[in-house]
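Observations on chain architecture
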Amino acid sequence: MDDISSITQCSLFAGISESEIERLLTCLTYRRNTYEKGSYIFMAGVQVVDIGIVLSGRALALREDFWGNRTILFEIEPSDLFAEAFSCAGAATLPLSIMATETTEVLFLEYRRVVTSCTSACAFHSKLIQNMLQIVAKNNLALLEKIEHITKRTTRKKLLSYLSEQARIKGSSAFEIPFNRQELADYLAVERSAMSVELSNMKDSGLLRYRKNRFELLS
C-alpha cells in the first residue's frame, strides 16, 4: 500500500510498526476510495461487511427520518474507525448513514479478515484483534456519554453537559468543538434557533464566551 504512514495513527494499528502493517495488509482485503463533501460513504439500509478508516477529511454518522430531519450520532476524524460495531454484530442492514463533510479519503478493510488470525498466527495480527476489541468498547462508552447529554430535560442543560464534557476532555476551560451550529443542534437533538437563543442567554449570564466553534466556560 502506498503512503503507509497515513494509517499508522489509527488506534487499530497501535503498537504495530509500519513494516508489520505492510505485512498485515497482505493478509487483509482492503480498498481505498475518496468521497466529495456531502456524499454518502454508507447509506442507511445497506449491509456492511467492511470497516472504514478515515485517512483524511471528516465525516459524520447520522440518522435521518422520513422527512429528512437528521440527528448526528458522532463525528469521524482522520484515523477514526466507523461501522466496526455493525460489521462485528453481523447486522442485516446499517441503521445509520455515514456522510463526508469535506473531501474524505477512506480505507476499507474486510472485518472478517481483521478479526481472524492469519495462517501464520503472527503476533501483530493478534495485537490487531486486541486493538479492535478496545475500539468497540471505547466507542460504546462514547455513545453512553452522548446519551447523558441528550437525555437532559432542557436545551441549556444539554449544552452545559456537552460543553462541560468537552472542557474535561481538552483539559481546559477554553476549547474548540468539532461541530458548527447546525451540527451541534443535530447532535444534541434540539432546534438550532432555540439553541442559538439559549447560547446567547448563557453568554449574557456570564456562563461562557464563544466565537464560532470556540468556547470558554466561565466560573
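Throughout what follows, the structure given in this document is the object of discussion. (Residues numbered from 1 in each chain as written. Predicted model: local features only at pLDDT ≥ 70, side-chain atom pairs only at ≥ 80, totals over all residues. Heavy atoms only, no water.)

Attention now goes to the environment of alanine 100. If you trace the backbone, alanine 100 turns up in strand β7 (residues 97-100). Those residues in contact with alanine 100 that sit more than four places away from it in its chain are Tyr35, Glu36, Lys37, Gly38, Ser39, Ile41, Arg58 and Ala59. (Helix = DSSP H or I, 4+ residues; strand = E, 2+ residues; numbered from the N terminus. Contact = heavy atoms within 4.5 Å.)

Our next topic: the packing of aromatic side chains. Considering all chains together, one arrives at nine aromatic pairs under this definition. Centre to centre, the rings of phenylalanine 42 and phenylalanine 82 are 5.9 Å apart; their planes meet at 70 degrees, and the pair counts as edge-to-face. One end of the pair, phenylalanine 42, is in strand β2 (residues 40-42); the other, phenylalanine 82, is in strand β6 (residues 81-82), with 40 residues separating them in the sequence. With respect to burial, phenylalanine 42 and phenylalanine 82 carry one shared label: buried. Taking NZ or CZ as reference, arginine 31 lies 4.1 Å from the ring centre of phenylalanine 108, over its face. Directly above the ring of tyrosine 187 sits lysine 146, whose terminal nitrogen or CZ lies 3.9 Å from the centroid. (Phe/Tyr/Trp six-rings, centres within 6.5 Å; stacked < 30°, edge-to-face > 60°. Buried < 20%, exposed > 50% of the residue type's maximum accessible area, 1.4 Å probe, protein only. Lys NZ or Arg CZ within 6 Å of the ring centre and 35° of its normal.)

Orientation of helix α5 (residues 155-170) relative to helix α7 (residues 192-204), taken along the N-to-C sense of each, is 70 degrees, at an axis distance of 10 Å. Compared by their axis directions, α5 and α7 come out roughly perpendicular. Packed against α5, whose contacting residues are Thr155, Arg156, Leu159 and Leu160, the element α7 presents Met195, Glu198, Leu199, Asn201 and Met202 at the interface. Along the lines of polarity and charge, the residues of the contact of α5 with α7 split into five nonpolar, two polar and two charged. (Axes fitted to C-alpha atoms, helices over the stretch in contact; angles between N-to-C directions. Parallel < 35°, antiparallel > 145°, perpendicular 65-115°, else oblique. Nonpolar A, V, L, I, M, F, W, Y, C, P; charged D, E, K, R; others polar.)

This paragraph deals with the environment of asparagine 180. Within the secondary structure, asparagine 180 is located in the loop between β9 (174-176) and α6 (181-188). Measuring from C-alpha to C-alpha, the distance between asparagine 180 and leucine 218 comes to 21 Å, with 38 residues separating the pair along the chain. Polar contacts involving the side chain of asparagine 180 include one to the main-chain amide nitrogen of glutamate 183, which spans 2.8 Å. (Polar contact = N/O pair within 3.5 Å; in protein donor to acceptor, adjacent residues only side chain to side chain.)

Burial analysis of α6 places seven of its eight residues in the buried class, which makes it a mostly covered element. Among the residues making up α6, those that are buried are Arg181, Glu183, Leu184, Ala185, Asp186, Tyr187 and Leu188. If you check the start of α6, you find a side-chain oxygen 3.2 Å away from the backbone N of glutamine 182, and it comes from asparagine 180.

Our focus in this paragraph is the sheet that holds strand β10 (residues 208-211). Think of a sheet as strands paired side by side through backbone hydrogen bonds, with each pair either parallel or antiparallel. Taken together, the three strands give an open sheet; going across it, the order is β9-β11-β10, and neighbouring strands pair in antiparallel fashion. Both edges of this open sheet fall to β9 and β10, since each of them pairs with a single strand only. Put simply, the sheet's adjacent strands are angled 20 degrees from each other on average, direction ignored. Across four bridges, the pairing between β10 and strand β11 (residues 214-217) is antiparallel. Considered in β11, the bridge of leucine 208 is made with leucine 217. Contacts from α5 reach β9, β10 and β11 within the one sheet, and its direction differs from that of β9 by about 100 degrees. Sheet contacts for α7: β10 and β11; angle to β10, the most-contacted strand, approximately 130 degrees. (Pairing = 2+ DSSP bridges.)

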